[in-house]
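A look at the structure
Listed below are the residues making up each chain.
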Amino acid sequence: MSLQERLYEDMKKALKEREAGKLQLSVIRMARSAIKNRSIELGRELTDEDVIEVLAKEVKMRREALAEYRRAGRQEAVAELEAEIAILEKYLPRQLDRNEIVQMAREAIAATGAQSERDLGKVMGVLMPKLKGRADGKLVNEVVREILKDGQR
């Protein structure tokens, strides 16, 4: 079953659950809308990889908003965004932890022969396609910078 089919089936289930599935229904509808918009933008049907990219972008937007709401002390909005993120993450591949990212970053640094932070672009160019949808780009960038700065390979 493709991710889009899974989203559709989960949406039908949430519709049947009425009140209990209200938030899930809202999040899935928003996700399907973002997927549809991306499909129109590209002028083709999306693959599961494309859908993962769209969902990862939606999660990223919510995480950024989450930080702002926390700073503003809006706990109700924070709780809602956290619930939305949890729903969306069910459709994404397992996220890599920091240690796994460090390991893959070291491999990419060795493969590219990077020596300093000036080589960051080279390393990220090799690393990000491997991590697409499985790790936050900001965290990956941070890890690669630390390794290059410390000269650890």
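Numbering of residues starts from 1 in every chain and runs along the sequence as written. Only residues with pLDDT of at least 70 get local features here, since the model is predicted, and only at 80 or more are side-chain atom pairs given and counted; chain-wide, interface and lining totals rely on the full set of residues. In computing side-chain values, all of the structure's heavy atoms are included and hydrogens and water are not.

1. Comments concerning the overall build of the protein chain
Per the secondary structure count, the protein chain includes seven helices and zero strands. Counting from the N terminus, the helices are DSSP H or I runs at least four residues long and the strands are E runs at least two residues long. Along the protein chain, from the amino end to the carboxyl end, the secondary structure elements read α-α-α-α-α-α-α. With the principal axes as the frame, the protein chain shows a C-alpha extent of 55 × 40 × 25 Å. Between buried and exposed lies partly exposed: a residue is buried under 20% and exposed over 50% of the maximum accessible area for its type, with that area taken using a 1.4 Å probe on protein chains only. Within the protein chain, buried positions represent 35% of all 153 residues. Residue contacts are defined here by distance: any two heavy atoms, one from each residue, within 4.5 Å place the two residues in contact. Across the protein chain, contacts joining residues at least 24 apart in sequence account for 60% of those joining residues at least 6 apart. Residue-level accessible areas treat just the shown protein chains as cover; the underlying method is Shrake-Rupley with a 1.4 Å probe. In the structure as shown, the protein chain presents an accessible area of about 9,600 Å², 48% of it carried by carbon and sulfur atoms.

2. Some details on the packing of helix α2 (residues 22–42) against helix α4 (residues 75–89)
Between N-to-C directions, angles cover 0 to 180 degrees, with each direction set by a line fitted to C-alpha atoms, over the stretch in contact for helices. Contact geometry for α2 and α4: axes closest at 10 Å, N-to-C directions at 65 degrees. Viewed along their axes, α2 and α4 form a crossing whose handedness is right-handed. Note on element contacts: α4 touches α2 through Glu80, Ala83, Glu84, Ile87 and Leu88, opposite Leu23, Gln24, Val27, Met30 and Ala31. Polarity classes work like this: nonpolar for Ala, Val, Leu, Ile, Met, Phe, Trp, Tyr, Cys and Pro, charged for Asp, Glu, Lys and Arg, and polar for all others, with Gly in that last group. Considering only residue class, the contact of α2 with α4 consists of seven nonpolar, one polar and two charged. Should the near helix be turned anticlockwise from the far one by less than a right angle, the crossing is termed left-handed; should it be turned clockwise, right-handed.

3. Let's talk about the environment of alanine 108
Turning to its location among the elements, alanine 108 is positioned in helix α5 (residues 98–112). The class for alanine 108 is buried, based on a relative accessible area of 1%. The sequence separation of alanine 108 and valine 123 amounts to 15 residues, and the corresponding C-alpha distance is 5.9 Å.

4. A word on the nonpolar core
Throughout, nonpolar core names a set of buried Ala, Val, Leu, Ile, Met, Phe, Trp, Tyr and Cys residues whose side chains join them through atoms within 4.5 Å. Membership of the largest hydrophobic core comes to 24 residues, with the highest contact counts inside it found for Ile35, Val51, Leu55, Leu88 and Tyr91. Of all the secondary structure elements, the ones that give two or more residues to this core are α1 (3–16), α2, α3 (48–72) and α4. Setting aside residues no more than four positions away along its own chain, tyrosine 91 makes contact with Leu3, Arg6, Leu7, Asp10, Gln24, Ile28 and Leu55. In terms of nonpolar packing, the next biggest core, distinct from the first, is built from 18 residues, Val102, Val123, Leu127 and Leu148 among them.

5. Considerations on the pattern of salt bridges
Counted as salt bridges are all cases of a side-chain nitrogen of Lys or Arg within 4 Å of a carboxyl oxygen of Asp or Glu. Applying the stated criterion to the full structure yields 14 salt bridges. One salt bridge in this structure joins glutamate 84 and arginine 62, with 2.7 Å as the shortest N-O distance. Taken together, the positions of glutamate 84 in helix α4 and arginine 62 in helix α3 put the pair 22 residues apart, joining distant regions of the chain. Among the charged side chains, a salt-bridge network with shared partners connects Glu58, Arg62 and Glu84.

6. Let's talk about the packing of α2 against α3
Packing of α2 against α3 brings their axes to within 10 Å, and their N-to-C directions diverge by 125 degrees. The angle between α2 and α3 falls in the class oblique. As for the relative orientation of α2 and α3, their crossing is right-handed in sense. Contacts between α2 and α3 pair Met30, Ala31, Ala34, Ile35 and Arg38 from the former with Val51, Glu53, Val54, Leu55, Glu58 and Arg62 from the latter. Any angle that is under 35 degrees is reported as roughly parallel, and any over 145 degrees as roughly antiparallel; angles of 65 to 115 degrees are reported as roughly perpendicular and all others as oblique.

7. Description of α1
Spanning 14 residues, α1 covers 20 Å between terminal C-alpha atoms, matching the ideal 20 Å at 1.5 Å per step. What α1 keeps buried is the set Leu3, Leu7, Asp10, Met11 and Ala14. Each buried residue of α1 lies within a common arc of 110 degrees when the element is viewed along its axis, so the set occupies one face. Where α1 is buried, its residues meet α2 and α3. Arginine 18 lies just past α1 and shows a positive phi near 45 degrees. One fewer than the residue count of a helix, multiplied by 1.5 Å, yields its expected span. This arc is built from the directions going out from the helix axis to the C-beta atoms.

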